[in-house]
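Each chain is listed here by its residues.
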Amino acid sequence: MSPASTGASTTMDAVPSLAAPDSRLTPGGPGYRRMSFALFLAGVATFALLYSTQALLPLISDGFGVSASDASWTVAAATGGLALFVIPMSALSERFGRRTVMTASLAVAVTVGLLVPFAPSLGVLVVLRGVQGAALAGLPASATAYLAEEVRPRALVTAIGLFVAGNSVGGMSGRVITGWVAQEWGWRVAVGTIGLIAVGCAVAFRLLLPAPRHFKAGSLHPRRLLATVRDHLANPLLRRLYAIGALFMTVFGGVYTVIGYRLTEEPFSLPQGIIGSIFLVYLVGTVSASTAGRLVGRLGRRGALYLGGGTTAAGLLLSLADSLPLVLLGLVLITAGFFAGHAVASSAVSKTATHGRAQASALYQSAYYIGSSAGSTVGALAFHASGWSGTVGVGLLAILGVVTLTVLGSLAARRALVPAHS
C-alpha cells in the first residue's frame, strides 16, 4: 500500500533528489543540539510522570491499607492508558503535526500530575494515573516519527538513543527525588514535586524544539488508519520487534515495581530515601541507550539484541542473592541490558517502516507499555506468591522470549537470502 493511500506522512519516504540537498538535521549541524535537548527533556518528563508512584508503592500500600498487587495498579493504569491511546494519538500527530501533539500531551499530563497528590482514595488515584498515561501517549510515537522525518538516517539511531536516554534520566530522577522527599514529607508531596519538575521540562521543550520542516499532514480517515496498522502488523520483522519491546519491558516493569518491597524487607530493611537512591542505576541506562548506535554498528541489530537479553538475564540471576552489593550489580545489568535492547528495537522499527511511521512507532509503544503493565501486575502477583524468586522467574521467561524471537529473525533473514544466491 502506498503512503498516500494510508494518509500517513510521506515526506521521509521519498529519497531526496540529487538537485535538492538534504536539509534534515545532522549532528553538529544547526538546530540538532536544540532538537536533541528538547526531546531529551520530553523524555525526562514522560518517564518521571509515568513512573512517579513506582518507588513509592510501599508507602501507598501503607497509606491506603492495600496490598502490593493493589498498589501496583497506580503504575499499571498509567502504562496501560498510554498503551491504549498511543495509536489514536499517533493518528492525531499525522493530521496536526508532531510538535503540536507532543506539546498538548505534555500540557495535559503535567496538569493531571498536579492533581495526583490530592487523590482521596486508591481508586481515584488509579483513575488519575490512567488519564495521565493516556495523555502521555502523544509523546513516544510522535517523538520517534518527528526524528525519522527531521534527522538524517545515519544519525537516527543516535538521536532516538538520546530520547531514550532522557527516559532513563526521567525514570531515575523521578524515583530518587520521590524517595527522599517522601521520607520527609510523604508520598503526596513527593509526586507533587515531580509534577512541578515536569512543568519546567514541558515549558523548556516547547521553547527549544525546532519547528518541523519535513512534515506533511495526512488524513484522519479511520479506514486509512486501520489499513496502515494492518500493513505494519503484516510485516513479520515489525511484529517481532513489537514483541521484543513488550518482553523487555515486562522484565523492567516487574523488577522495578517490586524491588522497593523487597528492599524494605529482611535482610535489607532499607529506609525509603535509600530505596529511592537505588534508582541511580538508571544512569547506566542513559549510557547504554545513547551508545546503542555504536553497538549496532559493531554487532548488528540481532547481535545487539542478544547482548541486551543476555546482560538482562545475568542481572536477574545476580539479584537473587541476599547481598546488597550483588543485588545492586544485578540491577545495573538489568538496566543496561533493557535500555540497550529498547533503543535498538525502537530505532529498528523507525528504519523498517516505509510509510506511516507514526503508526509503526505507536504500535511499538503500545506493545512496549502493555509489557510494562503486564510486568508490573504479574511481577507483583509473583512476588506475593513466591517472593523475589517468582518475579525473577517471570523476567527470565520474558528474556527467553526475546532470544527466541531474535533467533527466528536470524533464520528468516537467512531464508530470504537463499534465492539471491541460487
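Everything here concerns the structure above.
Residues numbered from 1 in each chain as written. Predicted model: local features only at pLDDT ≥ 70, side-chain atom pairs only at ≥ 80, totals over all residues. Heavy atoms only, no water.

J.: I'd like a rundown of empty space enclosed by the protein, residues and numbers included.
T.: Gaps between atoms show up when a probe of the same size as a water molecule is rolled over them. Counted according to the given criterion, the structure contains four cavities of 30 Å³ or more. The computed volume of the largest cavity comes to approximately 70 Å³. Mapped onto the lining of the largest cavity, the elements with two or more residues apiece are α2 (32-50), α8 (140-150), α9 (156-185), α16 (324-352) and α17 (357-386). No other element matches the four residues that α9 contributes to the lining of the largest cavity. Taken together, the residues that form the lining of the largest cavity break down as six nonpolar, six polar and no charged. (1 Å grid on protein atoms, 1.4 Å probe; cavity = no way out; pocket = protein on both sides within 12 Å on 5 of 7 lines; lining within 4 Å. Points joined across faces, edges and corners; volume = space filled by probe spheres on them. Helix = DSSP H or I, 4+ residues; strand = E, 2+ residues; numbered from the N terminus. Nonpolar A, V, L, I, M, F, W, Y, C, P; charged D, E, K, R; others polar.)

J.: Before we move on, could you go through unusual backbone geometry and cite the residues and values that matter?
T.: Note that the residue after E266, namely P267, is joined by a cis bond; omega there is 5°. Position of P267 relative to the elements: it lies in the loop between α12 (236-264) and α13 (272-277). With a phi angle near 50°, S269 is a residue other than glycine that sits in the positive phi range. The exposure class assigned to S269 is partly exposed, which follows from its relative accessible area of 38%. (Buried < 20%, exposed > 50% of the residue type's maximum accessible area, 1.4 Å probe, protein only.)

J.: Let's hear about the side chain of R240: which residues, and what values?
T.: Tracing the chain through its elements places R240 in helix α12. Although R240 lies buried, it forms no salt bridge, and the closest oppositely charged side chain, D231, sits 17 Å away as judged by the N-O distance. Residues within four places of R240 in sequence aside, it is in contact with L405, G409 and A412. (Lys, Arg positive; Asp, Glu negative; His and termini not counted. Salt bridge = Lys/Arg side-chain N within 4 Å of Asp/Glu carboxyl O. Contact = heavy atoms within 4.5 Å.)

J.: Talk me through the environment of I370; I want residue IDs and the actual numbers.
T.: Its location among the elements puts I370 in helix α17. In this structure I370 comes out as partly exposed when scored by relative accessible area, which is 49%. Each C-alpha atom, one on I370 and one on L82, is 8.6 Å from the other, the two residues being 288 residues apart in sequence.

J.: Talk me through the nonpolar core; I want residue IDs and the actual numbers.
T.: Residues L39, L147, Y256 and Y369 are the most contacted members of the largest nonpolar core, which totals 118 residues. Top contributing element to this core by residue count: α12, with 15 residues. Those residues within four positions of L147 in sequence are excluded, and the remaining contacts are M35, L39, L156, A159, I160 and F163. (Core = buried A, V, L, I, M, F, W, Y, C linked by side-chain atoms within 4.5 Å.)

J.: Break down the packing of helix α5 (residues 73-96) against α17 for me, with residues and values.
T.: Two elements in contact, α5 and α17, have axes separated by 8 Å at closest approach and are oriented at 175°. Between α5 and α17, the angle is such that the two are roughly antiparallel. Here the contact of α5 with α17 is composed, by residue class, of 13 nonpolar, 11 polar and two charged. (Axes fitted to C-alpha atoms, helices over the stretch in contact; angles between N-to-C directions. Parallel < 35°, antiparallel > 145°, perpendicular 65-115°, else oblique.)

J.: Describe the side chain of T257, with residues and values.
T.: The residue T257 is located in helix α12 in this model. With relative accessibility at 2%, the residue T257 sits in the buried group. A polar contact of 2.7 Å, which involves the side chain of T257, links it to the backbone oxygen of G253. Other than its neighbours up to four places away in sequence, T257 contacts Q54, L57, S72, V75 and S376. (Polar contact = N/O pair within 3.5 Å; in protein donor to acceptor, adjacent residues only side chain to side chain.)

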